[in-house]
Amino acid sequence: MSRVALITGVTGQDGSYLAELLLSKGYAVRGVSRRTSTPNTERLGAVLDHPQFSLQQADMCDLTSLLSVVQSVAAYDRIEVYNLAAQSHVHTSFSQPEYTADVDGLGTLRLLECIRTLGLESKTRIYQASTSELYGKVVETPQRETTPFYPRSPYGVAKLYAYWIVKNYRESYGLYACNGILFNHESERRGREFLTRKVTLGLQRVYADPSFTLDVGNLDAKRDWGHAEDYVRAMWLMLQQEEPKDYVIASGETHSVREFIERAFQVAGHTLTWEGTGDHECGRDTSGRVVVRVNPVLYRPAEVDLLVGDATLAETELGWTRSVSFAQLVERMVRSDAQAR
């Protein structure tokens, strides 16, 4: 049986790890990315020359281009679609709400419509990248598959539409479609605009530039962090089951932004001492220098204070487990950015 994986957002953190995983399992992999004026394939260095990998252009806002790439894999016996494309930065979604809704919400609808319109329902399985941001202002802790949603950003709201339209197409058209409700997952390939990578890169700059201070937002926001390599394996497992279902993927642990920063500095051999409160809080290293400070500009208009997931269903039914701890994740990210200097 010939099988192909179509990965939207392949140039991102998750897309690159997933492409490597699927190629190792013998898939033909078709990566989909939107056109950019400068190359953005640096994460794909391990797969670009693989004979079973090819890169195609399409835009989640353009139905015609999506139809073209889905049509290009129609001859395969089994098609797995992994929809990872998104405007995925929560803070940006507040300044670009309409674009976020178009890409993250309606983009998912367009992809589902391509599969339905081309009559590929019977041999296609689709994974939708959902997010813990669906829970937002949480109504129970930990969060599981049955926890009610309360998104607190345009990003979360757009992803909520995508979540429900996937369920609707599963129930209306018999499409094998799954939502993976993934909690925060980071790696050495995380985008530079995301908090964890801002911290590990900022740490390097602090000690290369005496005039630089790392600015952060809410130090007490708590998140459930894991490594992206573990989480893309869960994506694949979801599409290998007899029946489609939605799953929470999480570590089950919660750590604050403050803890992440402290551990990152510890890996580099520095200990932080905090002083001040609220908007005026800062962190000094052992030399007495202020190396971290709170910048209120970086606060979200509506904060998500606590996220921690319960992945019991995935562990039981998929046999999924994580292999990288929180401490290992931070160390890997810090070491990687230190070597890249």
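Before any of the text, the structure's been laid out above.
Residues numbered from 1 in each chain as written. Predicted model: local features only at pLDDT ≥ 70, side-chain atom pairs only at ≥ 80, totals over all residues. Heavy atoms only, no water.

**Quick word on the packing of helix α6 (residues 195-206) against helix α8 (residues 257-267)**
Put simply, the rule reads: As a rule, the C-alpha atoms of each element are fitted with a line to give its axis, helices using only the stretch in contact, and angles between N-to-C directions run from 0 to 180 degrees. Strands are runs of DSSP state E lasting at least two residues, helices are runs of H or I lasting at least four, and both sets are numbered from the N terminus onward. Working rule for angles: under 35 degrees goes down as roughly parallel, over 145 as roughly antiparallel, 65 to 115 as roughly perpendicular, anything else as oblique. It is the rotation of the near helix from the far one that decides the hand of a crossing: anticlockwise by less than a right angle makes it left-handed, clockwise makes it right-handed. It only takes one pair of heavy atoms within 4.5 Å for two residues to be counted as in contact. Any residue outside Ala, Val, Leu, Ile, Met, Phe, Trp, Tyr, Cys, Pro, Asp, Glu, Lys and Arg is labelled polar, Gly included; the first ten of those are nonpolar and the last four are charged.
Taken N-terminus to C-terminus, the directions of α6 and α8 make an angle of 30 degrees; their axes are 10 Å apart at the nearest point. Looking at the two axes, α6 sits roughly parallel to α8. Handedness of the α6/α8 crossing: right-handed. Facing α6, whose interface residues are L195, T196, V199, T200 and L203, α8 presents V257, F260, I261, A264 and F265. Considered class by class, the residues forming the contact of α6 with α8 number 8 nonpolar, 2 polar and no charged.

**Topic: the pattern of salt bridges**
The line we're drawing: Here, a salt bridge means any side-chain nitrogen of Lys or Arg that lies within 4 Å of a carboxyl oxygen of Asp or Glu. Residue exposure (1.4 Å probe, protein chains only): buried if accessible area is under 20% of the type maximum, exposed if over 50%, otherwise partly exposed.
Across all of its chains, the model carries 22 salt bridges by this definition. Of the charged contacts, one joins R189 and E20 as a salt bridge, the two residues approaching to 2.9 Å between their closest N and O atoms. Taken together, the residues R189 in the loop between β7 (185-186) and α6 and E20 in helix α1 (residues 13-24) connect sequence positions 169 residues apart. What makes E20 partly exposed here is its relative accessible area of 24%. Between D230 and R233 there is a salt bridge, with its nearest N and O atoms 3.0 Å apart. A residue pair is termed a helical-turn pair when its members lie 3 or 4 positions apart in one helix, as D230 and R233 do in helix α7 (residues 228-238) at 3 residues. Through salt bridges with shared partners, one network takes in E140, R144 and D310.

**Notes on the sheet that holds strand β4 (residues 78-83)**
Our working rule: Any two strands are treated as partners once DSSP identifies two or more bridges connecting them.
Read across the sheet, 7 strands follow the order β3-β2-β1-β4-β5-β6-β11 without closing on themselves; strand pairing throughout is parallel. Both edges of this open sheet fall to β3 (53-57) and β11 (247-249), since each of them pairs with a single strand only. Across the sheet, the mean angle from the axis of one strand to that of its neighbour is 20 degrees, orientation sign disregarded. Here 5 bridges tie strand β1 (residues 3-8) to strand β2 (residues 28-33), and the two strands are oriented parallel to one another. Counted as the bridge partner of V4 is A28 from β2. Its contacts with the sheet put α1 on β1, β2, β3 and β4, and the angle it makes with β1 is roughly 175 degrees. Docked against the sheet, helix α5 (residues 154-173) engages β5 (124-131) and β6 (176-182), running at close to 150 degrees with respect to β6.

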